[in-house]
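# Survey of secondary and tertiary structure
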Amino acid sequence: MEHLTYTIDEVSFKGYYIPDIYNRVRRAINEWQKILGEYVTFYEFEEPTHNADITIRLGKVENRLNVAECKDLGNEWIITFAKDLEWDLGKTKFTNWLRKALGLGERFDRCILHEIGHVFDFPHSQDEDDVMHHNTKVNTISLYEAQHLKLFYKEHNGA
Ligand SMILES: [Zn+2]
């Protein structure tokens, strides 16, 4: 059984706390937990720590074409969301950074689900209905994709 710890870091702006991110990250973690539950348990560090396997934060992404990215540093993964991006769904146009961050929406849900998939080395899918499509349109993992990814995990981890 693989134990993976995660923490959510650097998601406040000028002292404002952005709770929505926490709920959305937890939702994505739960989704993966449901699928990989036989092999993986996730554990959240509620305080930011440098000991987590996965750190999720708002920051600067290296490839400017990406809205989010997952970087493997060898002993930890850093999932970064572009902090200068409008994370709302377009209904409300926010202007400043804080309001943009508060406007996190379904797009964030899709991205976090996708980026966590990279932690498991899941490759990109050609199917837009898959979470692992590079520009995914879904925020739940279909039964079909779940089966496929479980098999992939098993084969690559000797589980
Ligand atoms: Zn990707």
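For the structure itself, consult the block above.
Note that the structure is predicted; figures quoted are calculated from it, not measured.

Reading guide: rules and limits
- Residues numbered from 1 in each chain as written.
- Predicted model: local features only at pLDDT ≥ 70, side-chain atom pairs only at ≥ 80, totals over all residues.
- Helix = DSSP H or I, 4+ residues; strand = E, 2+ residues; numbered from the N terminus.
- Buried ≥ 20, exposed ≤ 12 C-beta atoms within 10 Å, placed from the backbone.
- Contact = placed C-beta atoms within 7 Å.
- Pairing = 2+ DSSP bridges.
- Core = buried A, V, L, I, M, F, W, Y, C linked by C-beta atoms within 7 Å.

Let us look at the overall build of the protein chain. Within the protein chain, the regular secondary structure consists of four helices and five strands. Overall, the protein chain shows an N-to-C arrangement of helices and strands of β-α-β-β-β-β-α-α-α. With 159 residues in all, the protein chain has 28% of them scored as buried. Once local pairs closer than 6 in sequence are excluded, the contacts in the protein chain between residues at least 24 apart make up 53%.

Attention now goes to the pairing of strand S4 (residues 68–72). Across five bridges, S4 lies against strand S5 (residues 77–82) in antiparallel orientation. Across the sheet, aspartate 72 pairs through a bridge with tryptophan 77, a residue of S5.

Backbone geometry at aspartate 121 places phi at a positive 65°, although glycine is not the residue there. Following the sequence through the fold, aspartate 121 ends up in the loop between helix H3 (106–119) and helix H4 (143–157). Using a count of 11 C-beta atoms within 10 Å as the deciding quantity, one classes aspartate 121 as exposed.

Bringing the environment of glutamate 47 into the picture now. Within the secondary structure, glutamate 47 is located in the loop between strand S2 (40–45) and strand S3 (54–59). Look at glutamate 47 and you get exposed, because 8 C-beta atoms sit within 10 Å. Separated by 39 residues in sequence, glutamate 47 and isoleucine 8 place their C-alpha atoms 7.9 Å apart.

Attention now goes to the nonpolar core. Residues Val25, Ala28, Trp32, Ile54, Ile56 and Ile112 are the most contacted members of the largest nonpolar core, which totals 26 residues. At the level of elements, strand S1 (2–9), helix H1 (19–36), S3, S5 and H3 are the ones that each hand at least two residues to this core. The greatest single-element share of this core, amounting to seven residues, is contributed by H1.

Within the secondary structure, glycine 37 sits in the loop between H1 and S2. As a C-alpha pair, glycine 37 and methionine 1 span 36 residues in sequence and 9.0 Å in three-dimensional space.

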